[in-house]
Amino acid sequence: MLDIQFIRENADLVQRKTEEKGYKNVDVRKVLEADEARRQVLSQVEELRAQRNVLTNEMKGAKPSAEQLEQGKKLKEQLVSLESQLNEVESAFTDAMWTIPNVTLDDVPLGGVEDSVELKTWVDRKECAKDHLDFAHARDWVDFERGA
């Protein structure tokens, strides 16, 4: 999966490379919109959590006032609602991110297997074209001549 920061900084490149790979239904703009929605909700959640922490620190060691209790209840209700919303937008964001393939290098040929270019081989293919029994016989790992 690509890093969202890379996608933000190179949206046009990612869209072009995605289309070159044959993914016609992938829209990088939608991924960026889902990311922006996620970041906004996350910012709101973090702000409410910070307010809750400040309120909790104010109530330490003393009996909380009615106003502090009421404020705490309101923060909790808002936080529950926003965290639920955050789960939804994060799920949508993750689903959108999984649709984006990795970016190919510029020197990679476009197309299918038939368009691939062999750059280097390490082993002669005829030498590797033995079945497992021939392979074992060549190494004297099996002995069928003795019989039972």
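Located above this text is the structure these notes cover.
Q: Sorry if this is basic, but what is going on with the overall build of the protein here?
A: Scanning the protein for helices and strands turns up six helices and zero strands. In the protein, the order of α-helices and β-strands from amino to carboxyl end is α-α-α-α-α-α. In terms of C-alpha radius of gyration, the protein reaches 30 Å, well past the compact-globule figure of 15 Å for 148 residues. Over its C-alpha atoms, taken along the principal directions, the protein stretches across nearly 95 × 50 × 20 Å. Counting only contacts in the protein whose residues sit at least 6 apart along the sequence, the fraction spanning at least 24 positions is 71%. Carbon together with sulfur atoms contributes 50% to the accessible area of the protein, which is approximately 11,800 Å² in total. Side-chain charges of the protein comprise 22 positive and 31 negative groups, with the mean position of each set lying 5 Å from the other.

Q: Would you mind showing me how to read the packing of aromatic side chains here?
A: Where two aromatic rings form a pair, the distance of their centres and the angle of their planes describe that pair. Applying the stated criterion to the full structure yields one aromatic pair. Arranged with centres 5.7 Å apart and planes meeting at 80°, the rings of Phe 135 and Trp 141 form a pair that is edge-to-face. Here Arg 38 stacks its cationic end above the ring of Phe 93, 4.3 Å away from the centre of that ring. Taking the ring centre of Phe 135 as reference, the NZ or CZ of Arg 139 above it sits at 3.6 Å.

Q: How should I be thinking about the nonpolar core in this particular structure?
A: Note on soluble globular proteins: their nonpolar side chains tend to be buried together. Leu 2, Ile 4, Ile 7, Val 14, Val 26, Val 28, Val 31, Ala 34, Phe 93, Ala 96, Met 97 and Ile 100 form the largest nonpolar core, which has 12 residues in total. Sorting the residues of this core by element identifies α1 (4-9), α3 (28-59) and α4 (66-97) as the ones contributing at least two each. Here Ile 4 is in contact with Val 31, Leu 32, Asp 35, Phe 93 and Met 97, once residues within four sequence places are set aside.

Q: Can you help me understand α4 in this one?
A: Residue pairs three or four apart in sequence face the same way in an α-helix, which turns once every 3.6 residues. If you check α4, its first and last C-alpha atoms are 46 Å apart, about what 32 residues at 1.5 Å a residue would give, namely 46 Å. Residues Gln 68, Leu 75, Leu 79, Leu 82, Leu 86, Val 89, Phe 93, Ala 96 and Met 97 constitute the buried set of α4. The secondary structure elements touched by the buried residues of α4 are α1 and α3.

Q: I tried to follow the pattern of salt bridges on my own but got confused; where do I start?
A: Where side chains of opposite charge bring their charged atoms close, a pairing between them can arise. A complete count under the given rule lists eight salt bridges for this structure. Among the ionic contacts, a cluster of salt bridges with common partners joins Arg 8, Asp 35, Arg 38 and Arg 39.

Q: Whenever I open this one, the side chain of Lys 17 confuses me. Can you help?
A: Relative to the assigned elements, Lys 17 resides in helix α2 (residues 11-20). In this structure Lys 17 touches Val 103, Thr 104, Leu 105 and Asp 106, once residues within four positions along its chain are discounted.

Q: Honestly, the packing of α3 against α4 in this entry has me stumped. Any pointers?
A: Relative placement of two packed helices is described by the angle separating their axes and the distance separating the axes. Their axes nearest at 8 Å, the elements α3 and α4 cross at an angle of 155°. Considering their axes alone, α3 and α4 lie roughly antiparallel with respect to each other. For the element pair α3 and α4, the recorded crossing hand is left-handed. Residue composition of the contact of α3 with α4, grouped by class: 17 nonpolar, seven polar and seven charged.

Q: Would you mind showing me how to read the environment of Lys 30 here?
A: Mapped onto the secondary structure, Lys 30 falls in helix α3. Overall, Lys 30 belongs to the exposed group, its relative accessible area being 55%. Considered as a pair, Lys 30 and Ser 116 are 86 residues apart in the sequence and their alpha carbons are 32 Å apart.

About the thresholds
Residues numbered from 1 in each chain as written. Predicted model: local features only at pLDDT ≥ 70, side-chain atom pairs only at ≥ 80, totals over all residues. Heavy atoms only, no water. Helix = DSSP H or I, 4+ residues; strand = E, 2+ residues; numbered from the N terminus. Rg over C-alpha atoms; globule rule 2.2 N^0.38 Å. Contact = heavy atoms within 4.5 Å. Areas by Shrake-Rupley, 256 points an atom, 1.4 Å probe, with all protein chains shown as cover. Lys, Arg positive; Asp, Glu negative; His and termini not counted. Charge placed at Lys NZ, Arg CZ, Asp CG, Glu CD. Phe/Tyr/Trp six-rings, centres within 6.5 Å; stacked < 30°, edge-to-face > 60°. Lys NZ or Arg CZ within 6 Å of the ring centre and 35° of its normal. Core = buried A, V, L, I, M, F, W, Y, C linked by side-chain atoms within 4.5 Å. Buried < 20%, exposed > 50% of the residue type's maximum accessible area, 1.4 Å probe, protein only. Expected span 1.5 Å × (residues − 1). Salt bridge = Lys/Arg side-chain N within 4 Å of Asp/Glu carboxyl O. Axes fitted to C-alpha atoms, helices over the stretch in contact; angles between N-to-C directions. Parallel < 35°, antiparallel > 145°, perpendicular 65-115°, else oblique. Left-handed = near helix turned anticlockwise from the far one by under 90°. Nonpolar A, V, L, I, M, F, W, Y, C, P; charged D, E, K, R; others polar.

Read these as layout, nothing more, since geometry by itself doesn't imply function.
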